[in-house]
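# Observations on chain architecture
Residues per chain, in single letters:
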Amino acid sequence: MLNPDDISRRLETILPTVEKPGRYTGGELNQVVKNWEAIQTHVALVFPDIYDLGMSNLGLAILYDLINGRADALAERFFSPWVDMEAALRQAGLPLYSLESKHALADFDIIGFSLPYETLYTNTLNILDMGGVPLFSAERHEQHPLVIAGGHAAYNPEPMHAFIDAFVIGEGEEVIHEIIAAHQAWESSGKLRSELLRSLAKIWGVYVPSLYTAHYEEGGVFESMEKLDPEAPLPVVKRIVPKLLPPTTNFIVPYIDTVHNRVPIEIMRGCTRGCRFCHAGMITRPVRERSVEEVVNAIETALSKTGFEEVGLLSLSSSDYTHILELVTAVGEGFTGRHLSISLPSLRIETFSVELMDALKDARRGGFTLAPEAATERMREIINKPVSTQQLLETARAIYSRGYTTIKLYFMIGHPSETIEDVQAIADLCKAVLAEGRKVIGKRAQVNAGVSTFVPKPHTPFQWTPCDTIEQIRDKQELLKHAVRGPGLKLSWNQPEDTLLEAWLSRGDRRLAEVIYQAWRHGARFDAWHELFRYDVWMDAFARIGLDPAFYTHRERPIDETFPWEHISTTVRKKFLMEDYLWSQRGKTRVDCRQRCFACGILPTFADLRRMNPGEVWQCPEVKNKRIPVEEIFALEHVRELG
Ligand code: SF4
């Protein structure tokens, strides 16, 4: 095994030969390098895409800070090397190494993957392979690192079940300490690796796939998940932090340009809007907020530590933050004249959003983003994002009259029950918005339409719906390419094949693990990068395993079908999702659940936590009733009376 000095020495000849060597050197401001020998637990934090993307991942920064804050543990970073660096490392016989101390991946005690989206799966396998770690969980023994993974994609862990020892379902800030403690206890006990896995399964929010087995019906439909260990939980309930910890302010400052060169401060977690296509909105409930003071202080501290000139105030729906006006006023006044650019993404479609951007004072006047997601009121009711076209046009007028020249409009095609008229309406709406701009600022007005394709996600009200076929997507995109053109209009879209990969994996079952493995073995890498995505390799992998990819994407699932991800509980009940799905078919909408609680399931499960955190910290109503045991709540999921 090569030691860090060997690796560093050999890198000197490799790095000058690859693109952007700054991705692979480490040594940036605020990185943490501890004395390896003096530390008990070594954690590799891995974002399985390139440095330029991974360095902007807030989850990774939070875990890095929390782990390095412990005296007995250290965290170091790993990213996917770009193809040129992978080839160079493999040719030189070098393992994938950490940016901080240049230790090989296999030297670490725990490897933690961040999996925010499904198209990172083959890169995950590639990183294990390059790091000298057996790919399959079953092949790892006591001397190998523990491989864990978390992030939004982990809410359906089944396609990756064979490669990951334990998944963290939900929020990682507290559970990471419990996992480290369990690892340390196991290490000193000298017990078998299987005992480590069993102890991890007892931690709230941890799912150990090897302790369960899946059953399928004759036609291939998933039937049930059986636990092989009587002490393994069923369901595995997601982990949440009852109160958001103070924001991380220790950010590493990269030497090279990354996607966001900024201080990211999360102002609120969760969303109460209930958009039916939105995975994040369903899985991150309940809404918890930070105080204005906490956010402002965090910005001040983070800026002084990093020298960044941009701040992102992050949340799923910024306009819904209770004290949003107070926050933007405080930030606007507090940081005026400091040449800061402050972004406030995910604003609602209303003129108030423009006032909010105004209050930030230093905000750039280039573009303003709105996400109607659909262009007809009928369709917006189906997806539960009800906003009138008139309201949208009024907002557009307000944006152009405040000096913005470009409005970015985000839409999706492929929503359930979408007709060709709904697609044509996207073009018409873009033109109507442009016409508003022309009235205000003439030919300087610009509309950039970004049109992605809807992918039904697990744990959402649309988890039953089919996804468009490649032909359907192409027809809709062709229509838009012809209709959204001309001066002042710009259109961007995703390739249909890329959408299908995400769709197969999002609602996949355990059998897809073999497909992922075969795809990786035959060259699939960087599936999120269109120029490297190999649709043919994936189709061959399905054929080799004898699975039909359309089974996962194009069939409408019966309302009483049991899903392969049901043993993972977001605590939003299936019955609630089912009712919402049936409501969508009738065009029936739900209001923001801050106005009226719809008893989605969060409160009965987390009643005690809500009681311990009274007032505004949570946006769910206060509770007086007793906590219902989660097993009972899950049993209700199988009530089929809504079918
Ligand atoms: S418990 Fe009620 S208020 Fe809380 S997220 Fe669910 S529906 Fe919304």
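Criteria and thresholds
Residues numbered from 1 in each chain as written. Predicted model: local features only at pLDDT ≥ 70, side-chain atom pairs only at ≥ 80, totals over all residues. Heavy atoms only, no water. Pairing = 2+ DSSP bridges. Helix = DSSP H or I, 4+ residues; strand = E, 2+ residues; numbered from the N terminus. Axes fitted to C-alpha atoms, helices over the stretch in contact; angles between N-to-C directions. Phe/Tyr/Trp six-rings, centres within 6.5 Å; stacked < 30°, edge-to-face > 60°. Buried < 20%, exposed > 50% of the residue type's maximum accessible area, 1.4 Å probe, protein only. Lys NZ or Arg CZ within 6 Å of the ring centre and 35° of its normal. Parallel < 35°, antiparallel > 145°, perpendicular 65-115°, else oblique. Left-handed = near helix turned anticlockwise from the far one by under 90°. Contact = heavy atoms within 4.5 Å. Nonpolar A, V, L, I, M, F, W, Y, C, P; charged D, E, K, R; others polar. Near = heavy atom within 4 Å. Core = buried A, V, L, I, M, F, W, Y, C linked by side-chain atoms within 4.5 Å. Domains from an automatic or database assignment.

## A look at the sheet that holds strand E14 (residues 341-343)
The pairing of strands in a sheet comes from backbone hydrogen bonds and takes either a parallel or an antiparallel form. If you walk across this open sheet you meet the three strands as E10-E13-E14, and the pairing is parallel. The open sheet is flanked by strand E10 (263-266) and E14, the only strands paired with a single partner. Across the sheet, the axes of successive neighbouring strands diverge by a mean angle of 20°, strand direction being ignored. For strand E13 (residues 310-314) and E14, the ladder comprises three bridges, and the chain directions are parallel. Among the inter-strand pairings, Val311 is bridged to a residue of E14, identified as Ile342.

## Focus: the packing of aromatic side chains
Overall, the coordinates contain 22 aromatic pairs when judged by the stated rule. On the basis of an interplanar angle of 65° and a centroid distance of 5.6 Å, the ring pair of Trp464 and Phe563 is categorised as edge-to-face. Residue Trp464 is located in the loop between strand E17 (446-453) and helix H15 (470-483), and its partner Phe563 is located in the loop between helix H19 (549-553) and strand E19 (568-569); the two are separated by 99 residues in the primary sequence. In terms of burial, Trp464 and Phe563 fall into one category: buried. A connected cluster of aromatic rings, assembled from ring pairs, spans Phe136, Phe163, Tyr517 and Trp520. The ring of Trp583 carries Lys588 above its face, with NZ or CZ at 3.9 Å from the centroid. In this structure, Arg590 is placed above the aromatic ring of Phe598, and the distance from its NZ or CZ to the ring centre is 4.7 Å.

## Describing the packing of helix H5 (residues 121-130) against helix H17 (residues 512-521)
The contact between H5 and H17 brings their axes to 9 Å, and the two run at 65°. Looking at the two axes, H5 sits roughly perpendicular to H17. Considering how the two elements wind past one another, H5 and H17 form a crossing that is right-handed. Two secondary-structure elements touch here, H5 through Tyr121, Thr122, Leu125, Asn126 and Asp129 and H17 through Ile516, Tyr517 and Trp520. The class makeup of the residues in the contact of H5 with H17 is five nonpolar, two polar and one charged.

## Describing unusual backbone geometry
In this chain, Leu234 is followed by Pro235 through a cis amide linkage whose omega measures 5°. Within the element layout of this structure, Pro235 appears in the loop between strand E8 (222-227) and strand E9 (236-237). Residue Pro286 is bonded to the preceding Arg285 through a cis peptide linkage, with omega at 0°. Even without a glycine there, the phi angle at Lys102 is positive, about 65°. Phi at Thr571 takes a positive value of approximately 75°, unusual for a residue other than glycine. Looking at where Thr571 falls in the secondary structure, it is placed in the loop between E19 and helix H20 (574-585).

## Some remarks on the site of the ligand
Around the ligand, the structure places Arg285, Cys593, Cys597, Phe598, Ala599, Cys600, Ile602, Leu603, Cys620 and Pro621. The class makeup of the residues in the shell around the ligand is nine nonpolar, no polar and one charged.

## Thoughts on the sheet that holds strand E1 (residues 41-47)
Ordered by their spatial adjacency, six strands build an open sheet running E2-E1-E3-E4-E5-E6, and the pairing between neighbours is mixed. The open sheet has two free edges, formed respectively by strand E2 (73-79) and strand E6 (206-207), since each of these has just one partner strand. Both E1 and E2 contribute to a ladder of seven bridges, which runs parallel. Among the inter-strand pairings, Val46 is bridged to a residue of E2, identified as Phe78. Most of the contacts of helix H6 (residues 175-189) go to strand E4 (residues 146-150), to which it runs at about 170°, and overall it touches E1, E2, strand E3 (110-114), E4, strand E5 (166-168) and E6.

## Quick notes on the packing of H17 against helix H18 (residues 535-545)
Between H17 and H18, whose axes approach to 8 Å, the crossing angle comes to 130°. When the axes of H17 and H18 are compared, the pair comes out oblique. Note that H17 runs across H18; the crossing there is right-handed. Along its contact with H17, which presents Leu512, Glu514, Val515, Ile516, Gln518 and Ala519, the element H18 presents Val537, Trp538, Ala541, Phe542, Arg544 and Ile545. The class makeup of the residues in the contact of H17 with H18 is nine nonpolar, one polar and two charged.

## What to know about the nonpolar core
In terms of nonpolar packing, the biggest core is built from 115 residues, with Met85, Ile111, Phe113, Phe163, Ile179, Leu200 and Trp538 touching the most fellow members. No other element matches H17, which puts seven residues into this core. Once residues lying within four places of it in the same chain are set aside, the contact partners of Phe113 are Val46, Pro48, Thr124, Ile127, Leu128, Val147, Ile148, Ala149, Gly150 and Ile164. Leu313, Leu356, Leu370 and Val433 belong to the second-largest nonpolar core, a separate cluster that totals 70 residues.

## So, the domain arrangement of the chain
Examined at the domain level, the chain breaks down into domain 1 (4-229) and domain 2 (570-642). Here domain 1 and domain 2 have C-alpha centroids that lie 33 Å from each other.

## Things to note about the environment of Ala75
Its location among the elements puts Ala75 in strand E2. A relative accessible area of 0% means that Ala75 is categorised as buried.

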